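So you can see what is in the structure, the chains are spelled out below.
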Amino acid sequence: MSEHSHTTEGHGHDEHAGLSKGKIWKVFGVLLLITVIEFIIALVLIPKGYMTQHIGNYVYIVLTLLKAFYIVAYFMHLKYEKLGLQLSLTVSFIFIIYFIVLMLTEGGFLNLHMLHH
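The protein chain appears in an unreviewed UniProt entry as Cytochrome C oxidase subunit IV family protein from Pedobacter vanadiisoli. Under the heading Subcellular location (unreviewed entry), UniProt records this for the protein chain: "Cell membrane".

1. Things to note about the overall build of the protein chain
Helices and strands together make up the secondary structure of the protein chain, namely 3 helices and 0 strands. By the burial criterion, 14% of the 117 residues in the protein chain qualify as buried. Look at the contacts in the protein chain between residues 6 or more apart in sequence, and 52% of them connect residues 24 or more apart. Surface exposure of the protein chain reaches about 9700 Å², of which carbon and sulfur atoms provide 72%.

2. Let's talk about helix 2 (residues 53-75)
Each α-helix turn comprises 3.6 residues. Residues three or four places apart therefore point the same way. The end-to-end C-alpha distance of helix 2, which contains 23 residues, comes to 31 Å, matching closely the 33 Å that a straight helix rising 1.5 Å per residue would cover. Restricting attention to buried positions, one finds in helix 2 the residues G56, Y60, L63, K67, A73 and Y74. Turning to helix 2, the residues buried within the fold contact helix 1 (21-45). Backbone geometry just after helix 2 places H77 at a positive phi near 60°.

3. Description of the pattern of salt bridges
Side chains that carry opposite charge are capable of pairing whenever their charged atoms lie near each other. Here the structure, examined in full by the defined rule, presents 1 salt bridge. Among the salt bridges present, the one from K67 reaches E38, with a minimum N-O distance of 3.0 Å. Within this pair, whereas K67 is found in helix 2, its partner E38 is found in helix 1, the two being separated by 29 residues in sequence. Neither residue differs from the other here; K67 and E38 are each classed as buried.

4. Things to note about the confidence of the model for the protein chain
In low-pLDDT segments, the atomic positions of the prediction should not be examined closely. For the protein chain, per-residue confidence averages 77 on the pLDDT scale, and 77% of positions sit at 70 or higher. At the level of individual helices and strands, the protein chain shows its lowest average pLDDT in helix 3 (residues 83-115), which scores 77, and its highest in helix 1, which scores 91. Between residues 5-16, whose pLDDT stays under 50, and residues either more than four places distant or in other chains, the model counts 5 contacts.

5. Considerations on the packing of helix 1 against helix 2
Where helix 1 contacts helix 2, the axes come no closer than 10 Å and their chain directions differ by 165°. In terms of their interaxial angle, helix 1 and helix 2 are classed as roughly antiparallel. Along this stretch, helix 1 crosses helix 2, giving a crossing that reads as left-handed. Residues K23, I24, V27, V30, L31, I34, T35, I37, E38, I41 and A42 of helix 1 pack against V59, Y60, L63, T64, L66, K67, Y70, I71, Y74 and F75 of helix 2.

About the criteria used
- Residues numbered from 1 in each chain as written.
- Predicted model: local features only at pLDDT ≥ 70, side-chain atom pairs only at ≥ 80, totals over all residues.
- Heavy atoms only, no water.
- UniProt positions renumbered as here; feature names shortened; annotations may be inferred.
- Helix = DSSP H or I, 4+ residues; strand = E, 2+ residues; numbered from the N terminus.
- Buried < 20%, exposed > 50% of the residue type's maximum accessible area, 1.4 Å probe, protein only.
- Contact = heavy atoms within 4.5 Å.
- Areas by Shrake-Rupley, 256 points an atom, 1.4 Å probe, with all protein chains shown as cover.
- Expected span 1.5 Å × (residues − 1).
- Salt bridge = Lys/Arg side-chain N within 4 Å of Asp/Glu carboxyl O.
- pLDDT = per-residue confidence, 0-100.
- Axes fitted to C-alpha atoms, helices over the stretch in contact; angles between N-to-C directions.
- Parallel < 35°, antiparallel > 145°, perpendicular 65-115°, else oblique.
- Left-handed = near helix turned anticlockwise from the far one by under 90°.

Here it is in structure tokens:
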């Protein structure tokens, strides 16, 4: 039998070494803080009239996108990938969001004008 010991040397795993337990807890803390802010907005600020529902929706969207960034960057290891992959995924994501908004806008326009004719 040949002796094969599995080491991380030469396998390219060093780039993932940046995701230590401390970094995981830091990202967890950021995600928890964002979630607590969302709950404060939903349970305190909007019901007591300090913030309107319309503004609250925009704040929710921004906070949710921030949480999505942290999850994709750290837990899906995109932060440790090459710049080309990061840019291609980011640009693709922006175009997908743009097309969704465009379709919703056009669908609302068509729905509004088809009902009146």
